[in-house]
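# Descriptive analysis of the structure
Next come the chains, spelled out residue by residue.
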Amino acid sequence: MIHRLMNNNITSKDRDVLVKFIQNTDYFTNGKKVKEFEEKWSTWVGTKYSVFVNSGSSANLLSLSYVKSIYEDGEIIVSPLNWVSDVTSILYNGFKPRFIDINLKTLSMDIDKVINSINKKTRAILITHILGFNGLKKELIDICKKKKILLIEDVCESHGATYKGKKLGSFGNLSNFSFYYAHHLSTIEGGMVCTNDRKIYEKIRIMRGHGMLRESTDTNYKKKICKKYPKLNEKFIFIEPGYNFRSTELNAVIGINQLKRLNFNNKLRNKNHEYFLKNLDKKKYFTDFDLEGSSNYAFVIIFNKNYRKISFRKKFERILFKLGIEFRRGTSGGGNQLRQPYLKKHIKINKLNINNFPKTDIIHNYGYYIGNYPNLSKSKILKICNILNNIN
Ligand SMILES: Cc1ncc(COP(=O)(O)O)c(C=O)c1O
């Protein structure tokens, strides 16, 4: 039995629309299709503005660069159970990450601990919604507003998940999405930054395109800056320290086509998830997730306390490997970022702080994900559950 992390995420229909597009256009880079995808994505998420970029990591970096455009230094509260770019975006922009352990029910940061760790240096809270679970709570949203702390949502793994009936990604000052091949919606590679704030939108657009003034859609602002720098060519005014994170019309065409089936696919994935949780041995595996508003794209497998042993882990991995069930230990982000070599070069990690994240370490050592895609049959899910349940 072969069970991949992702299956057929770029369909024959996606390929057909792409071929047709290529045959009928002579404009390939950031253009009309990118704009159309951005508008459709904004409507789908429920935000005013979206900026299409070439990856979720670029979205992360742009969001933190926006924070840098306001604050010289300070701290960003972030989860150690994360993707590498959530942490490196903080470091590259000269901020200090303040790590907060997770809540096993959401796999996101423990909100009480987040609130307790807010201090005068806190500039932003970067909350990552892991594997389709909602990490938000009213208390967090309220305190961010009250204390004027920026809330950034990383929704790369959670397209379509909701909190109080509203899509994740519509709560933060900025939100980041990834359209990597294995995610709910894929443009092969790609990402999006969403916001409701016109000023943030303009800045993100500019920073996406080399920091050039001409990327702004605000004519008054452009006029003002051109007047201020009369000696500069108005097509070449680099007003922000920018990047080239643009994507192409081709990727946008795939995204527009994928968006048509995203809701339908998410429903199928969520049904698969329910069936998976129903059939998984609750003595052996943790299933007590906070499922409200969740939008799953990969099944999470976490060993319960009595099974958190290296011998069980070895057996588990050997059996899955032998049977062709692809998996990732540490879930999607590779586990506890503090245990990754790159971070040691940037912050002092000692025994005390590395052992301060026991819940994250459970996932690091005994948490996995395997694929959940729309065309997965019930019988295959049952077969996988039986295999997992019979490991001793
Ligand atoms: C939570 C999270 N953030 C950011 C990213 C980065 O996205 P990308 O692979 O598109 O750069 C990922 C990647 O899977 C992710 O899981």
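Along each chain, residue indices are assigned from 1 in the same order as the chain's sequence is written. Only residues with pLDDT of at least 70 are given local features in this predicted model, and only at 80 or more are side-chain atom pairs given and counted; all residues enter the totals for whole chains, interfaces and linings. Hydrogens and water are ignored here; the side-chain numbers use all heavy atoms of the structure.

### Overview of the pattern of salt bridges
A pair can form between side chains of opposite charge whenever their charged atoms are brought close. By salt bridge we mean one thing: a side-chain nitrogen of Lys or Arg within 4 Å of a carboxyl oxygen of Asp or Glu. Taken as a whole, this structure holds 15 salt bridges when the rule is applied. Between R329 and E317 there is a salt bridge, with the nearest N and O atoms lying 2.8 Å from each other. Of this pair, R329 sits in strand β11 (residues 328-329) while E317 sits in helix α10 (residues 310-323), and the two are 12 residues apart along the sequence. Judged by its relative accessible area of 34%, R329 falls in the partly exposed class. Judged by relative accessible area, which is 17%, E317 ranks as buried. In DSSP terms, a helix is any run of H or I states spanning at least four residues, a strand is any run of E spanning at least two, and both are numbered starting from the N terminus. Relative accessibility decides the category of a residue: with a 1.4 Å probe and only protein chains considered, values under 20% of the type maximum give buried, values over 50% give exposed, and everything between is partly exposed.

### Section: the sheet that holds strand β1 (residues 49-53)
Taking strand neighbours across the sheet as the criterion, the 7 strands line up as β1-β9-β8-β5-β4-β2-β3 in an open arrangement whose pairing is mixed. Edge positions in the open sheet fall to β1 and β3 (96-99), since each of these has one partner strand only. Mean inter-strand twist for the sheet, computed between neighbouring axes without regard to direction, equals 20°. When DSSP finds at least two bridges between two strands, those strands are taken to pair. Note that strand β8 (residues 174-178) and strand β9 (residues 191-195) share 4 bridges and pair antiparallel. Counterpart to S175 in the pairing with β9 is C194. In this description, a line fitted to the C-alpha atoms serves as the axis of each element, helices being fitted only across the stretch in contact, and the angle between N-to-C directions of two axes falls anywhere from 0 to 180 degrees.

### Section: the site of the ligand
Taken together, 15 residues surround the ligand, and among them G56, S57, D154, E157 and S178 come closest. Contacts described as polar in this section are N or O atom pairs within 3.5 Å, which, within protein, must combine one atom able to donate a hydrogen with one able to accept it, while residues neighboring in sequence count only if both atoms come from side chains. D154 has a polar side-chain atom sitting 2.7 Å from a nitrogen atom of the ligand. Considering the ligand on its own, with 390 Å² of exposed area, one finds that the protein chains cover 92% of that surface. When atom positions are compared with the pocket grids, the ligand is found to occupy the largest pocket. Of all elements in the fold, only α3 (56-70) and α4 (84-92) reach the threshold of two or more residues within the shell around the ligand. Here the shell around the ligand takes 3 residues from α3, the largest share from any one element. Any residue that is not Ala, Val, Leu, Ile, Met, Phe, Trp, Tyr, Cys, Pro, Asp, Glu, Lys or Arg is counted as polar, Gly included; the first ten are nonpolar and the last four charged. Its residues placed into classes, the shell around the ligand shows 3 nonpolar, 9 polar and 3 charged. Any residue with a heavy atom lying within 4 Å of a molecule or strand is counted as near it. Each accessible area value is a Shrake-Rupley result obtained with a 1.4 Å probe; residue values ignore everything except the protein chains displayed when judging cover. Here a cavity is any set of points on a 1 Å grid over the protein atoms alone where a 1.4 Å probe fits but cannot get out, and a pocket is any open set with protein on both sides within 12 Å along at least 5 of 7 lines; a residue lines the site when it has an atom within 4 Å of a point. Each molecule is assigned to a cavity or pocket provided more than half of its atoms lie within 2 Å of the corresponding grid points.

### Thoughts on unusual backbone geometry
For residues other than glycine, phi is negative in most cases, and the peptide bonds are mostly trans. If you check the backbone angles, N8 has positive phi at about 55° while not being a glycine. Inspection of the secondary structure assignment puts N8 in the segment before α1 (12-24). A positive phi is found at L107, a non-glycine position, where the angle reads about 65°. Residue classification places L107 among the buried positions, given a relative accessible area of 0%.

### Points about helix α7 (residues 198-208)
For an α-helix, the turn length of 3.6 residues means that residues three or four places apart are oriented alike. Of all 11 residues making up α7, 8 are buried, and the element is well covered by its neighbours. Inspection of α7 places I200, Y201, E202, I204, R205, I206, M207 and R208 among the buried residues, and these make up the whole buried set. Contact definition: two residues touch when any of their heavy atoms are within 4.5 Å. The secondary structure elements touched by the buried residues of α7 are α2 (32-45), β1, α3, β8, β9 and α8 (219-228). The backbone nitrogen of K199 has a side-chain oxygen 2.8 Å away, supplied by the residue at the start of α7, namely D197. A positive backbone phi angle near 65° is found at H210, which sits one or two residues after α7.

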